Amino acid sequence: MKVPELVERCIKLELQAKRIYEWLAGRFLGHEPVSEFFDTLARQEESHAQLLELCRVIANRTIWKEEYFTPCRDSIPHLERQMDSIESSLKFMDSIADALRSEERRVGKECR
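Given the structure is predicted, the values throughout are model-derived calculations rather than measurements. (Residues numbered from 1 in each chain as written. Predicted model: local features only at pLDDT ≥ 70, side-chain atom pairs only at ≥ 80, totals over all residues. Heavy atoms only, no water.)

Engineer: Can you walk me through the environment of Met-93 in this structure?
Structural biologist: Here Met-93 is to be found in the loop between helix H3 (70-89) and helix H4 (96-110). Along the backbone, Met-93 and Ser-47 are 46 residues apart, and their C-alpha atoms lie at a distance of 26 Å. (Helix = DSSP H or I, 4+ residues; strand = E, 2+ residues; numbered from the N terminus.)

Right, dumping it as structure tokens:
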């Protein structure tokens, strides 16, 4: 996988996270602090996607050392599966605690 393709997949992950957070913000609209929390996260994911798009454009114009991206390349498929699983489980998140636990698991795995 070339760097521009890798960055494109990261952009898709950021936008998927944005969709998840937007859904959660809407789901808990009656709980303003929780809804605002997820809305803030959605906006952050949008910013990440925009920054990565700039990186993708630059990667298409220049040569980046592929070996520097090996750790990311190896983790992308796992993150894609994880995000798909979270997105498909959204309809089963009935409580704020469920949503926050899901986020805690996602962030915990992302940081490893």
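Engineer: Hey, could you run me through the side chain of Ser-35 in this one?
Structural biologist: Take Ser-35: it is sitting in helix H2 (residues 32-61). Separated by 2.8 Å, the side chain of Ser-35 and the backbone oxygen of Ala-25 make a polar contact. Not counting residues up to four positions away in its chain, the partners in contact with Ser-35 are Ala-25, Phe-28 and Leu-29. (Polar contact = N/O pair within 3.5 Å; in protein donor to acceptor, adjacent residues only side chain to side chain. Contact = heavy atoms within 4.5 Å.)

Engineer: In this structure, what is going on with H3? I would like to understand it.
Structural biologist: Every α-helical turn comprises 3.6 residues, leaving residues that sit three or four positions apart pointing alike. Relative to the 28 Å expected for 20 residues at 1.5 Å per residue, H3 spans 30 Å between its end C-alpha atoms, a close match to the ideal helical length. Along H3, the largest kink reaches about 35° and is centred on Ile-76; proline Pro-77 follows within four residues of it. When H3 is considered as a whole, its buried residues turn out to be Arg-73, Ile-76, Leu-79, Gln-82, Met-83 and Ile-86. (Expected span 1.5 Å × (residues − 1). Bend = angle between axes of the 7 residues up to and from the residue. Buried < 20%, exposed > 50% of the residue type's maximum accessible area, 1.4 Å probe, protein only.)

Engineer: Would you explain the packing of helix H1 (residues 3-27) against H3 in this entry?
Structural biologist: To characterise two packed helices, one gives the angle between the axes of the helices and the distance between these axes. Two elements in contact, H1 and H3, have axes separated by 10 Å at closest approach and are oriented at 25°. One element, H1, and the other, H3, form an angle in the roughly parallel class. Crossing of H1 over H3 shows left-handed handedness. Along the contact surface, H1 presents Leu-6, Arg-9, Cys-10, Leu-13, Gln-16, Ala-17, Arg-19 and Ile-20, while H3 presents Cys-72, Arg-73, Ile-76, Pro-77, Leu-79, Glu-80, Met-83, Asp-84, Ile-86 and Glu-87. (Axes fitted to C-alpha atoms, helices over the stretch in contact; angles between N-to-C directions. Parallel < 35°, antiparallel > 145°, perpendicular 65-115°, else oblique. Left-handed = near helix turned anticlockwise from the far one by under 90°.)

Engineer: Got a minute to help me understand the nonpolar core in this structure?
Structural biologist: Here is a general trend for soluble globular proteins: nonpolar side chains tend to be buried in one another's company. If you look at the biggest cluster of nonpolar residues, it comprises 26 residues, and the most contacted ones within it are Ile-20, Tyr-21, Leu-24, Phe-28, Phe-38, Met-83 and Ala-99. Mapped onto this core, the elements with two or more residues apiece are H1, H2 and H3. Among the elements that take part in this core, H1 stands out by supplying 11 residues, more than any other. With residues up to four places along the chain from it excluded, the contact list for Tyr-21 reads Phe-38, Leu-41, Ala-42, Glu-45, Glu-103 and Arg-106. (Core = buried A, V, L, I, M, F, W, Y, C linked by side-chain atoms within 4.5 Å.)

Engineer: Mind showing me how you'd approach the pattern of salt bridges here?
Structural biologist: Opposite charge on two side chains allows them to pair when their charged atoms are near. Evaluated as defined, the whole model comprises nine salt bridges. Between Arg-56 and Glu-8 there is a salt bridge, with its nearest N and O atoms 3.3 Å apart. On the criterion of sequence distance, the pair formed by Arg-56 in helix H2 and Glu-8 in helix H1 is long-range, its members being 48 residues apart. Between Arg-73 and Glu-66 there is a salt bridge, with its nearest N and O atoms 3.1 Å apart. (Salt bridge = Lys/Arg side-chain N within 4 Å of Asp/Glu carboxyl O.)

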